[in-house]
Structures are given as structure tokens and as C-alpha cells.
Amino acid sequence: MAEQKSKLKTAVTVMVVLLVILVAVFGYLNAKGEKLNEGQLRITAGNHIIGEITLEEIRKLPAVNKKMVINSTGGLTKHKFTGTPLLEVFNYVDPDIVKDYKRVITVGVDKYTSGVDMEEVLQKNNVLLIYEDNGMPLKSKKGDQETMRIVIVNDLYGQRFTNYMVEIQLE
Ligand SMILES: Nc1nc2c(c(=O)[nH]1)N[C@H]1C(S)=C(S)[C@@H](COP(=O)(O)O)O[C@H]1N2
Ligand SMILES: [Mo]
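Cut-offs and rules
- Chains are numbered independently. Their residues run from 1 in the order of the written sequence.
- Following the order in which they are written, the chains are lettered starting with A and the ligands numbered starting with 1.
- Local features in this predicted model are restricted to residues whose pLDDT is 70 or higher, and side-chain atom pairs enter the listing and the counts only when it is 80 or higher, whereas totals over whole chains, interfaces and linings include all residues.
- Each side-chain value is worked out from all heavy atoms of the structure, with water and hydrogens disregarded.
- Each cavity reported here is a set of points on a 1 Å grid over the protein atoms alone in which a 1.4 Å probe fits but cannot get out, each pocket an open set with protein on both sides within 12 Å along at least five of seven lines, and each lining residue one with an atom within 4 Å of a point.
- Grid points are joined across faces, edges and corners, and a volume is the space filled by probe spheres set on the points.
- Residues are sorted three ways: Asp, Glu, Lys and Arg are charged, Ala, Val, Leu, Ile, Met, Phe, Trp, Tyr, Cys and Pro are nonpolar, and all the rest, Gly among them, are polar.
- Any residue with a non-hydrogen atom lying within 4 Å of a molecule or strand is treated as near it.
- The definition of a polar contact used here is a pair of N or O atoms within 3.5 Å, where within protein one atom must be able to donate a hydrogen and the other to accept one, and adjacent residues in sequence count solely through side-chain atom pairs.
- In these tables, accessible area is a Shrake-Rupley quantity obtained with a 1.4 Å probe, and a residue counts as shielded only by the protein chains included in the view.
- A run of H or I in DSSP counts as a helix once it spans at least four residues, and a run of E counts as a strand once it spans at least two, with each numbered from the N terminus.
- The classification of residues rests on relative accessible area computed with a 1.4 Å probe and restricted to protein chains. Under 20% of the type maximum is buried, over 50% is exposed, and intermediate values are partly exposed.
- In what follows, a contact means two residues having at least one pair of non-hydrogen atoms within 4.5 Å.
- The rule for a salt bridge is simple: a side-chain nitrogen of Lys or Arg has to be within 4 Å of a carboxyl oxygen of Asp or Glu.

Visitor: What exactly am I supposed to notice about the layout of surface pockets here?
Guide: One number sums up the size of the second largest pocket: a volume of about 170 Å³. Lining the second largest pocket are Lys35, Leu36, Asn37, Glu38, Val109, Ser140, Lys141, Lys142, Asp144 and Gln145. Looking at the lining of the second largest pocket, its residues break down into two nonpolar, three polar and five charged.

Printed below as a string of C-alpha cells:
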């Protein structure tokens, strides 16, 4: 009787340990999957991933150069941006995007979130996805790789200029 009880205890202990390991492994894999890379841009709608585009692919889209002075935290800063209209990115990923969605939420690797209306994206050379400033690639949050940034030409202030872009959520 005592022997059976101790066997049961061992079995329960083994099961509990296995469950804990399982939960830890799934938690780890899940957290790893959530971490998006600044070298690419994920486009989502709800829980659905519409597409992913790399910075390498974005560099092949029609380039736009834009001289700008931005009013931000550090005062006025002068820029010579190079990038591509966000419209080009959408049309490359899926031409239906511009007619199926109204709102474009931009998310940085630091979870900084802002947004533009699809109407603004459709205005010629207004919402740009920038990857160079003064001829140099934009630096990622950690400074160890290249990154992308949203710039809105018609905006006076830099508040909506989401840096370290990793995701676009469509609504
Ligand atoms: N990813 C990310 N982008 C961001 C921010 C931020 O904190 N994180 N701050 C915004 C704000 S409030 C401003 S004023 C500008 C600042 O741009 P700067 O750092 O080039 O001066 O970036 C915008 N984009
Ligand atoms: Mo700001």
C-alpha cells in the first residue's frame, strides 16, 4: 500500500515537472516569435498577416529624395531623406490594400504607435517609408543594423514619424 502511494507520488511529480517544462518552452517560443526584426516590415489586418517585405526589397522600389526640416524634441533638424512612397510598398505587397482599408497604424520595435489615413497614403509623395538620411542608412534602435522610418511630408512636427518600423496594422 505504502509502495503504491509512493509510486503515485513519483508519477504525479514527473507529470508536474513535464507540464512546467512544456509551459516554459511554449512561452519561450511565443516570446521569440513576437520579436519583430527591423530589417523587415510586417503588414497585418487583425490577426491575419497580409505580407512581409524586407528592406532589401523596399530599396528596389521607386526612390524619392526629400529635403526636410523637422521640428522635434531636439529642436530643428535638417534632413535629406531617401525612401519610397508607402503607396509603392502597399501596391507591391497587394494592390487591394489601398481599397480594402481606411486606416494605417505604424508600429516601431519599441511599440511606439502612430498612424495615418489611407487618404494621406494616396496623396502623391506625402507618406514616405524612409531608409536613408544624408546618404547614410538609418540606424536601428540598438544601432547594429539598418532600419526604416515613416515620414509625412505635409506634417509640421515629427510626432507621427514612427521610427524603427517593424509592423503596419491595417484597419
Ligand atoms: N519608434 C519611435 N518613433 C518615434 C518616437 C519614438 O519614441 N519611438 N518618437 C516620436 C516623436 S514624439 C518625435 S518628436 C520624433 C522625434 O524624432 P527625432 O528622434 O528624430 O528627433 O520621432 C517620433 N517617432
Ligand atoms: Mo515628439
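Additional details are given in the paragraphs that follow.
Visitor: So what exactly am I meant to see when it comes to the site of ligand 1 here?
Guide: Looking at ligand 1, the residues that line it are Ser72, Thr73, Asp110, Tyr112, Arg149, Gly158, Gln159, Phe161, Thr162, Asn163 and Tyr164. Between phenylalanine 161 and ligand 1, the recorded distance is 3.0 Å, taken from a backbone N or O atom to a nitrogen atom. Against a free-state accessible area of 530 Å², the protein chains account for coverage of 67% of ligand 1. Here the residues of the shell around ligand 1 sort into three nonpolar, six polar and two charged.

Visitor: Help me understand the side chain of glutamate 120 in this model?
Guide: Considering the arrangement of structural elements, one finds glutamate 120 in helix α5 (residues 118-122). A relative accessible area of 16% places glutamate 120 in the buried class. Aside from chain neighbours lying at most four places away, what touches glutamate 120 is Asn126, Val127 and Arg160.

Visitor: Quick question: what am I supposed to make of the pattern of salt bridges here?
Guide: Should their charged atoms come close, side chains of opposite charge can pair. As enumerated under the stated definition, the model contains seven salt bridges in all. We note a salt bridge from arginine 42 to glutamate 52, for which the minimum N-O separation is 2.6 Å. Taken together, the residues arginine 42 in strand β1 (residues 40-45) and glutamate 52 in strand β2 (residues 48-54) connect sequence positions ten residues apart. Using a relative accessible area of 22% as the deciding quantity, one classes arginine 42 as partly exposed. The salt bridge partner of glutamate 132 is arginine 59, with a shortest N-O separation of 3.1 Å. Taken together, the residues glutamate 132 in strand β7 (residues 127-133) and arginine 59 in helix α2 (residues 55-59) connect sequence positions 73 residues apart. Here the salt bridges do not stand alone but share partners, grouping Arg59, Glu132 and Glu146 into one network.

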